[in-house]
Amino acid sequence: GREGASLSPFFLFWPPLTPKGPLLMDESRAERVGRLFLTVDPTLSPLALALALSVSQLETGLGTGYFNYGSGYDAQDSPPCEPPNREVTDTDVNGEEYNGCLKGASNDLDGARFFLRTMFKPNVVKALKDGSIKKAVWAMRDNNYFVLDRAKYLERVNVHIEQAKTIASRLVKANKAPAKGF
């Protein structure tokens, strides 16, 4: 149990990929998380929101309770993890497993804010303004958001990107805020 920290009721951690193919994004969960992201930044473009949803699905199964520090793990990020952080097993650039801590948030809004701030650095924003998910993922790697090979991470993001684009377009339109952002 995790005493003293909130855990979103829709939280799923590291959703599995089946041998027959990836699991589809849960649309109602994706819409809830997408609305939360739009609460944090109502100017997100459909493409930016789609990338955020796809990465969130990849990393936490659309859970907003935990997000990666985004800069790799070092000694201070090694277990035991202080609440509200969570211990996880991850893989490094060579595919070797290691234990680390994912940054925890005490509530969904703070988790979403941290996630978007960590992911959308200026070079990622520029790539999204250029309309390129691939360039955005490359920029995320340049920022040490992940350590996996760029092409492999992009492949994982692309598993859900089309579904995420559909959901994101619907949410941005329903949000009625002009998508002036990236």
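In case you missed it, the structure is sitting above this.
Below: a short report on this structure. Quantities reported herein were computed from a predicted structural model and do not represent experimental measurements. (Residues numbered from 1 in each chain as written. Predicted model: local features only at pLDDT ≥ 70, side-chain atom pairs only at ≥ 80, totals over all residues. Heavy atoms only, no water.)

### What to know about the overall build of the protein
Helix and strand counts for the protein come out as six helices and three strands. Overall, the protein shows an N-to-C arrangement of helices and strands of α-α-β-β-β-α-α-α-α. The buried share of the protein, reckoned over its 182 residues, is 47%. On the protein, roughly 9,400 Å² of surface is accessible, and the fraction owed to carbon and sulfur atoms is 51%. (Helix = DSSP H or I, 4+ residues; strand = E, 2+ residues; numbered from the N terminus. Buried < 20%, exposed > 50% of the residue type's maximum accessible area, 1.4 Å probe, protein only. Areas by Shrake-Rupley, 256 points an atom, 1.4 Å probe, with all protein chains shown as cover.)

### Considering the packing of aromatic side chains
Taken as a whole and assessed by the stated rule, the structure comprises two aromatic pairs. Residues F37 and F115 carry aromatic rings whose centres are separated by 5.4 Å and whose planes lie at 20° to one another, so their mutual orientation is stacked. With F37 in helix α1 (residues 27–40) and F115 in helix α3 (residues 108–119), this pair connects stretches of sequence that are 78 residues apart. Each member of the pair F37 and F115 is classed as buried. On the basis of an interplanar angle of 5° and a centroid distance of 3.8 Å, the ring pair of F146 and Y153 is categorised as stacked. For the pair F146 and Y153, a shared accessibility class is recorded, and that class is buried. Over the ring of W138 we find K134; its NZ or CZ atom is 5.2 Å from the centre of that ring. (Phe/Tyr/Trp six-rings, centres within 6.5 Å; stacked < 30°, edge-to-face > 60°. Lys NZ or Arg CZ within 6 Å of the ring centre and 35° of its normal.)

### A few points about helix α4 (residues 122–129)
Considered for burial, the residues of α4 that qualify are V124, V125, A127 and L128. Seen end-on, α4 carries its buried residues on one side only, within an arc spanning 160°. Among the exposed residues of α4, those pointing more than 90 degrees away from its buried face are P122, K126 and K129. Looking at the buried positions of α4, the neighbouring elements they touch are α2 (46–60), α3 and α5 (133–142). Following α4 by one or two positions, G131 adopts a phi angle in the positive range, close to 80°. (Arc of directions from axis to C-beta. Contact = heavy atoms within 4.5 Å.)

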